[in-house]
Amino acid sequence: MKRCFSLLNGDRLDCTGQAAILTFSGPRAVLSTAANGGGLRRDLTAVFNYSDCGPAGVCRPMEGDTLLEHQRAVARRLGLDPEHTTGLDTAVNLDNMVLVTRQWQELWVTAAVSAGADVNALCAGDPATLTEQAGKPCAVPAGTINIFLITGQSLSPGAMVELALTATEAKTAVLRDLMQGSSASARLATGTGTDGLVIICDDSGTSPCLLNAGKHFKFGELAAQAVSQAVAEALMRQTGLCPDFQRSLLRRLQRFGITAESLRARCPGELPGGETAFRRALAKLDRDAFAVSTVALYLHLADQLQTGLLTPAQADDWADHLLNELAMHFQFEASAPDASQPLELRLEHFLAGLLLAHLREQEQLYPAS
């Protein structure tokens with residue numbers, strides 16, 4: 001599917017599932033995180049966002065020995081001059097790219113965003129596994145949030161960097177609001193491991209130059225709003241990530257290493273009703289409104305304890321209270337939690353016991369014939 005957009009400054013964005021190409025209608029100042037054409041440039045004529053995966057979701061090998069060589073090869077394949085082009089890579093289907101424009105008086109900014117954070121979400125400071133050696137490519141998980149920010153205003157170099165901060169904070173706020181966990185730790189994600197950003201502003205010398213793009217200024221507000229909406233919609237289109245998707249016990253527990261497999265491992269080898277009954281009981285518990293809301297509060301205690309905002313005694317008291325609430329709601333006689341275990345392990349033990357009690361009750365009420 002091909003989509004074509006004319007922006008307010010006359011620039012044109014042509015988007016297919018494979019590539020989104022923004023061609024300029026006049027002089028532009030561009031700040032890019034790309035390997036090719038990255039940094040601050042005033043001699044570019046186009047930028048692109050390129051999907052390295054085909055329609056079936058299989059990513060192709062990189063072209064060349066470095067990311068720089070790959071991006072230059074992609075530019076040539078798209079009919080662009082690598083010397084005057086910058087671009088980003090993604091594994092996202094660009095049919096799911098979202099455009100949002102915000103305006104106030106003479107100010108306007110458009111965010112064009114592709115996003116996926118289901119397998120590559122990370123929190124800044126998480127343990128890293130890769131090092132760069134002479135620019136040689138390293139295999140990284142799929143999942144990237146790429147942001148184009150285009151405005152008809154002229155921005156000082158400092159304002160362009162400040163805009164990069166504002167956009168990054170807006171992206172992180174969306175992930176935090178959705179409680180998207182890191183894939184490498186129990187922390188909440190601040191982005192993915194491969195995010196990219198390109199800022200494009202007027203460089204004709206005919207428009208007033210803005211010196212500020214932070215949160216105190218209207219232009220920063222517009223940019224943050226555009227990025228927030230575009231990131232949220234792009235995540236929804238690509239992977240279904242949204243508030244309703246996150247109303248799930250297993251989604252909330254995933255960053256703590258609590259999964260269907262870990263819960264099953266805590267149960268006996270022979271389950272009442274068998275594996276099918278276990279999966280059915282877990283699916284029901286996964287979307288139970290009381291269980292999800294109570295566990296969400298419980299996990300917030302674990303986060304507060306991790307950051308030192310609650311003492312162990314304070315967290316323990318409320319953790320016990322919440323487990324008691326769950327036990328009463330499901331009429332489950334739970335064993336006393338082991339206070340020496342971390343909060344997440346106590347919760348995993350409780351949930352496994354709850355599932356097993358449900359299966360045993362089902363077997364008593366409906367014995368196999």
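For the structure, see preceding data.
In this text the structure is predicted, and so the values were computed from the model without any measurement.

Peer 1: What is the right way to look at the pairing of strand 9 (residues 107-115) in this model?
Peer 2: Looking along a regular strand, one sees the side chains alternate between the two faces of the sheet. For strand 9, the buried fraction is high: 9 of the 9 residues fall into the buried class. Relative to strand 9, strand 8 (residues 98-104) runs antiparallel, the two sharing 7 bridges. Residue pairing across strands places V100 opposite A111, the latter belonging to strand 9. Hairpin connection between strand 8 and strand 9: a loop of 2 residues separates the two successive antiparallel strands, and Q105 in this loop has a positive phi of roughly 50°.

Peer 1: Help me out: how do you make sense of helix 1 (residues 67-77) in this one?
Peer 2: For an α-helix the count is 3.6 residues per turn, leaving residues at separations of three or four pointing the same way. Turning to helix 1, its buried residues number three or more, namely H70, Q71, A73, V74 and A75. Considering only its buried residues, helix 1 is in contact with strand 6 (46-51) and strand 7 (85-90). At the exit of helix 1 stands G79, carrying a positive phi of roughly 80°.

Peer 1: Whenever I open this one, the packing of aromatic side chains confuses me. Can you help?
Peer 2: Two measures describe an aromatic ring pair: the distance that separates the ring centres and the angle between the ring planes. If you walk through the whole model with that rule in mind, you get 1 aromatic pair. Plain terms: the ring middles of F332 and F350 are 5.4 Å apart, the flat faces sit at 75° to each other, and that makes the pair edge-to-face. You can see F332 sitting in the loop between helix 9 (312-329) and helix 10 (343-365) and its partner F350 sitting in helix 10, a full 18 residues away along the chain. Across the pair, exposure class does not vary: F332 and F350 are buried alike.

Peer 1: Which parts of the structure should I look at to understand the sheet that holds strand 5 (residues 39-41)?
Peer 2: Paired through their backbone hydrogen bonds, the strands of a sheet run either parallel or antiparallel. Reading across the sheet, the 6 strands line up as 5-4-14-11-9-8 and stay open at both edges, with mixed pairing between neighbours. Looking along the sheet, the strands with just one partner apiece sit at the ends: strand 5 and strand 8. Adjacent strand axes in the sheet meet at a mean angle of 15°, parallel and antiparallel pairs treated alike. Inspection of the sheet shows strand 4 (residues 28-32) paired to strand 14 (residues 196-202) by 5 bridges, in the antiparallel sense. The partner of R28 across the bridge, within strand 14, is D202. Helix 2 (residues 157-177) contacts strand 4, strand 5, strand 11 (145-150) and strand 14 of the sheet and is inclined by roughly 135° relative to strand 14. The sheet strands contacting helix 3 (residues 218-239) are strand 8, strand 9 and strand 11, and the helix crosses strand 9 at an angle near 25°.

Peer 1: Is there a simple way to think about the pattern of salt bridges in this case?
Peer 2: Between side chains of opposite charge, a pair can form as their charged atoms come close. Following the criterion strictly, the structure yields 16 salt bridges and no others. The partner of D195 in a salt bridge is K171, and the shortest N-O contact between them spans 2.8 Å. Within this pair, whereas D195 is found in the loop between strand 13 (191-192) and strand 14, its partner K171 is found in helix 2, the two being separated by 24 residues in sequence. For D195, a relative accessible area of 22% puts it in the partly exposed group. The class of K171 is buried, set by a relative accessible area of 9%. Shared partners join several salt bridges into a network, and the residues in it are D11, R28 and D202.

Peer 1: Which parts of the structure should I look at to understand the nonpolar core?
Peer 2: Side chains that are nonpolar tend, in soluble globular proteins, to be buried together. Of all hydrophobic cores here, the largest spans 40 residues; its most connected members are V113, L149, I199 and L235. For this core, the secondary structure elements donating two or more residues are strand 4, strand 8, strand 9, strand 11, helix 2, strand 14 and helix 3. The biggest single contributor to this core is helix 3, with 10 residues. Non-local contacts of L235, meaning those with residues more than four positions away in its chain, are made with A115, G116, A117, V174, L175, L178, G240 and L241.

Peer 1: Explain the pairing of strand 3 (residues 19-23) here, please?
Peer 2: Of all 5 residues that make up strand 3, 4 are buried, and the element is covered over most of its length. Taken together, the 4 bridges between strand 2 (residues 12-15) and strand 3 define a ladder with antiparallel strand orientation. Residue pairing in the sheet places R12 in a bridge with T23 of strand 3. In this antiparallel pair of consecutive strands, strand 2 and strand 3, the connection spans 3 residues. Bridge count between strand 3 and strand 6: 5 bridges; the pairing is antiparallel. Across the sheet, residue L22 finds its bridge partner in strand 6, namely V47.

Peer 1: For this particular structure, what's the right way to read the state of the cysteines?
Peer 2: One way to say it: the disulfide is the covalent bond shared by the sulfur atoms of two cysteines. Under the criterion given, the structure shown has 0 disulfides. Not part of a disulfide, C15 finds its nearest cysteine sulfur in C4, a span of 9.1 Å.

Each value, and the rule that gives it
- Residues numbered from 1 in each chain as written.
- Predicted model: local features only at pLDDT ≥ 70, side-chain atom pairs only at ≥ 80, totals over all residues.
- Heavy atoms only, no water.
- Buried < 20%, exposed > 50% of the residue type's maximum accessible area, 1.4 Å probe, protein only.
- Helix = DSSP H or I, 4+ residues; strand = E, 2+ residues; numbered from the N terminus.
- Pairing = 2+ DSSP bridges.
- Contact = heavy atoms within 4.5 Å.
- Phe/Tyr/Trp six-rings, centres within 6.5 Å; stacked < 30°, edge-to-face > 60°.
- Axes fitted to C-alpha atoms, helices over the stretch in contact; angles between N-to-C directions.
- Salt bridge = Lys/Arg side-chain N within 4 Å of Asp/Glu carboxyl O.
- Core = buried A, V, L, I, M, F, W, Y, C linked by side-chain atoms within 4.5 Å.
- Disulfide = S-S within 2.5 Å.

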